[in-house]
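Close look at the chain arrangement
Listed here are the chains, written in short residue letters.
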Amino acid sequence: MRYVTRLLSVCVVLTCMIISVGAQTSSARTTAIKAGRLIDPETATVATNQVILLEGERIKAVGPNLAIPAGATIIDLSKLTVLPGLVDSHTHMALTYKEQPENNYYYLTFVMESTALRAIQAASNGIQLLNSGFTVVRDVGNNAMYADTALRQAIEQGWLPGPTVIPSGAIIGSTGGQFWPTPEMYKDHKMMFPEYIDADTPGEIVKAIRQNMLFGARTIKLCIDCKPWGYSVDDIKLAISEAAKGGCKVEGHVQTADGAQRAIDAGIYIIGHGNALTPEHHRQMAAKGIFLAGTDTPFTKYRGTEAAFKQTVAKLRDAWEKKVPLTFSTDFDYWNERMKDDKTGRWLTRGEMTIAFLDTWKAANIPPADILRAITINGYKAADVIKERGPIKPGLFADLIAVAGDPLTDIDALRNVLFVMKNGMVFKKDGVMTPENFFHPGPVRTPNGRWTR
Ligand SMILES: [Zn+2]
């Protein structure tokens, strides 16, 4: 017994040595960022002339008078405002339905575009979002055959740059999901999967959640009320407890007042889409701390109507007044030929159109400090990454951006992100993408020390 114990302790020492050698190798790179202004969105405060010291991928120290070690790479952002990276808490990178040829009907996109094509679209959208400062993205379904979880893995392993992706895998719904297929398409051609998993019974709900987690999901998305036979409070509670076994939180897609009430009663983590929510729902969500991913679409020349926009603004305003934990979210999954810059005529990027959702928040007269908290801190919490990344604090991954101006007084400063760092590596500087260090012909990072999903 004693021998075994001694052997074990030797093993522990050896393991520690291996881990520390590994840590030393990856932390050999020391970087010092000089930040002219540094925003803490949690407290809505600014500190001037700060130094952020990094070791490898992580933040080591933050302060005004830190000694910069000899040999450190110095990044001078002393003329800029530095802040944590941004979060889109509800988007769809692997779906882009178009006016032509599918008349904005994504059932046809599903039929006409391969999983491989949609996976490449997702990779491109991820790069475009990172270029606009989005370092975390919750990607919640309609993602082809697990292209979302594959993209998460590829970014984590170091094949290409992109935000930290929190993918849901396939959306789980009761018979039909959000589709209305014909009998032959449904029964003979099995048209639901992989866009949706039909899960009606408790056993099917459990199995669907386990399958998504097995294939790499980091959150679970339920259609609460996409059909009149949607999920009951008990169904949703079952989903929440099953998802928790794999470390996943649950978002409910909600489109009716009854569905919203069931999701709230079950204690869901996030409600997706604010359209169906009443002031009473907002009051209950605030009391329970349920996040809202309202997907607050602005009225632009390429999307929306004035009437819908007015309603969206009023709902967002009420949710803010009731103190619902708000996230910044878009539901972006479309494209058309009007998506061009007015002045130059060049195509708008997915990132530019995502940050344009600020229009809705400004129209709702939400103070910049609260918008900033929604698009950062609340986003990290909703994505459940805040212990690992987000805030600019020692020990966390170094994901940060820099802008000219002050987003705490003028939120539009976020529309022009000049500098982006992800995992301690510079992705963009002086307004120009410099992504070469992110591309590799093989997996160079081992998140969690393993190659599994
Ligand atoms: Zn959505």
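As the structure is a computational prediction, the values presented were derived from the model and not from experiment. (Residues numbered from 1 in each chain as written. Predicted model: local features only at pLDDT ≥ 70, side-chain atom pairs only at ≥ 80, totals over all residues. Heavy atoms only, no water.)

A closer look at the pairing of strand β1 (residues 30–40)
In this structure, β1 lies alongside strand β2 (residues 45–55), joined through 10 bridges in antiparallel fashion. Bridge pairing in β2 links Thr31 to Leu54. The antiparallel hairpin formed by β1 and β2 contains 4 residues in its connecting segment, where Ala44 sits at a positive phi of about 55°. Direction of pairing for β1 relative to strand β4 (residues 73–84): parallel, over a ladder of 7 bridges. Opposite Lys34, over in β4, you have Asp76 as the bridge partner. (Pairing = 2+ DSSP bridges. Helix = DSSP H or I, 4+ residues; strand = E, 2+ residues; numbered from the N terminus.)

Some remarks on the sheet that holds strand β8 (residues 164–167)
One open sheet holds the 3 strands; their spatial order is β5-β7-β8, and the pairing between them is parallel. Only two strands of the sheet have a single partner each, and these edge strands are β5 (86–91) and β8. In this sheet, adjacent strand axes meet at a mean angle of 15° when their direction is disregarded. Summarising the sheet, β5 and strand β7 (residues 134–139) pair through 4 bridges and their orientation is parallel. Among the inter-strand pairings, Asp88 is bridged to a residue of β7, identified as Val137. (Axes fitted to C-alpha atoms, helices over the stretch in contact; angles between N-to-C directions.)

Digging into the packing of helix α8 (residues 257–266) against helix α9 (residues 279–288)
Where α8 contacts α9, the axes come no closer than 10 Å and their chain directions differ by 15°. One element, α8, and the other, α9, form an angle in the roughly parallel class. Where α8 crosses over α9, the two elements pack in a sense that is left-handed. Across the interface between the two elements, Ala257, Ala260, Gln261, Ile264 and Asp265 of α8 pack against His281, Gln284, Met285 and Lys288 of α9. (Parallel < 35°, antiparallel > 145°, perpendicular 65-115°, else oblique. Left-handed = near helix turned anticlockwise from the far one by under 90°. Contact = heavy atoms within 4.5 Å.)

Overview of the nonpolar core
Counting residues in hydrophobic clusters, the biggest one holds 96 residues, and the most contacted among them are Ile172, Ile220, Leu222, Ile271, Leu326 and Leu414. Excluding residues within four positions of it along the chain, Ile271 makes contact with Gly252, Val254, Ala260, Ala263, Ile264, Leu277, Met285, Ile290, Phe291, Leu292 and Ala293. Counting residues in each nonpolar core, the second largest holds 16 residues, with Leu54, Leu80, Val82 and Ala398 among its members. (Core = buried A, V, L, I, M, F, W, Y, C linked by side-chain atoms within 4.5 Å. Buried < 20%, exposed > 50% of the residue type's maximum accessible area, 1.4 Å probe, protein only.)

With respect to the state of the cysteines
Counted under the stated rule, the structure contains 1 disulfide. Covalently, Cys223 is tied to Cys226 through a disulfide, its sulfur atoms 2.3 Å apart. Across the S-S bond linking Cys223 and Cys226, the dihedral sits near -75°, which makes this disulfide left-handed. Given a relative accessible area of 10%, Cys226 falls into the buried group. Here Cys248 stays free of any disulfide, with the sulfur of Cys223 as its closest cysteine sulfur at 17 Å. (Disulfide = S-S within 2.5 Å.)

Some points on the packing of aromatic side chains
Across all of its chains, the model carries 16 aromatic pairs by this definition. Judged by centre distance (6.0 Å) and plane angle (25°), the ring pair of Tyr105 and Tyr107 falls under stacked. What makes Tyr107 buried here is its relative accessible area of 12%. Here Phe332 and Tyr334 contribute two aromatic rings whose centre-to-centre distance is 4.4 Å and whose plane-to-plane angle is 20°, an arrangement assigned as stacked. Taken together through their ring pairs, the aromatic side chains of Tyr97, Tyr105, Tyr106, Tyr107, Phe110, Phe179, Tyr196, Phe332, Tyr334 and Phe357 make up a single cluster. Lying across the ring of Tyr269, Lys249 places its NZ or CZ 5.0 Å from the centre. (Phe/Tyr/Trp six-rings, centres within 6.5 Å; stacked < 30°, edge-to-face > 60°. Lys NZ or Arg CZ within 6 Å of the ring centre and 35° of its normal.)

Re helix α4 (residues 147–157)
By the criterion of burial, α4 is predominantly enclosed, with 8 of the 11 residues buried. Among all positions of α4, only Ala147, Asp148, Thr149, Leu151, Arg152, Ala154, Ile155 and Gln157 are buried. On its buried face, α4 is in contact with α3 (115–131), β7 and β8. Immediately beyond the C-terminal end of α4, within one or two residues, lies Gly158, with a positive phi of roughly 95°.

Observations concerning the environment of Arg37
Mapped onto the fold, Arg37 is located in strand β1. For Arg37, a relative accessible area of 27% corresponds to the partly exposed category. Taking the C-alpha atoms as reference, Arg37 lies 28 Å from Arg138; in sequence the two are 101 residues apart. Once you skip the residues sitting within four places of it in the chain, Arg37 turns out to touch Val46, Ala47, Thr48, Lys79, Leu80, Thr81, Val82 and Gly405. Engagement of the side chain of Arg37 in a polar contact is seen with the side chain of Thr81, the distance being 2.8 Å. (Polar contact = N/O pair within 3.5 Å; in protein donor to acceptor, adjacent residues only side chain to side chain.)

Some remarks on a nonpolar patch on the surface
A surface patch of nonpolar side chains, about 380 Å² in accessible area, is lined by Tyr105, Leu108, Val111 and Met112. Tracing the chain through its elements places Val111 in helix α2 (residues 106–112). (Patch = residues over 30% accessible without salt bridge, like charges linked within 9 Å, V, L, I, M, F, W, Y side chains within 5 Å. Areas by Shrake-Rupley, 256 points an atom, 1.4 Å probe, with all protein chains shown as cover. Salt bridge = Lys/Arg side-chain N within 4 Å of Asp/Glu carboxyl O.)

Some points on the pattern of salt bridges
Per the counting criterion, the structure on display carries 21 salt bridges. Measuring nitrogen to oxygen at the nearest pair gives 2.9 Å for the salt bridge that ties Glu321 to Arg317. With a gap of 4 residues between them, Glu321 and Arg317 both fall in helix α10 (residues 306–321), about one helical turn apart. Residues joined in a network through salt bridges with shared partners are Asp359, Lys362, Asp412 and Arg415.

Digging into the sheet that holds strand β19 (residues 432–433)
Ordered in space as β3-β2-β1-β4-β16-β17-β18-β19, the 8 strands form an open sheet in which the pairing is mixed. Edge positions in the sheet fall to β3 (58–63) and β19, since each of these pairs with one other strand and no more.

Some points on the environment of Asp331
The topology assignment puts Asp331 in the loop between α10 and β15 (334–335). For Asp331, the residues in contact, after removing those within four places along its chain, are His90, Thr91, His92, His273 and Thr295. At a separation of 2.8 Å, a polar atom in the side chain of Asp331 contacts the side chain of His92.

Examining unusual backbone geometry
Look at the link from Gln100 to Pro101: it is a cis peptide, with omega at 5°. Within the secondary structure, Pro101 sits in the loop between β6 (97–98) and α2. Omega for the peptide link from Phe193 to Pro194 comes to 5°, which places this bond in the cis form. Topologically, Pro194 is positioned in the loop between α5 (183–188) and β10 (196–198). A positive phi angle is found at Asn104, which is not glycine, with a value near 60°. Topologically, Asn104 is positioned in the loop between β6 and α2. Judged by its relative accessible area of 31%, Asn104 falls in the partly exposed class.

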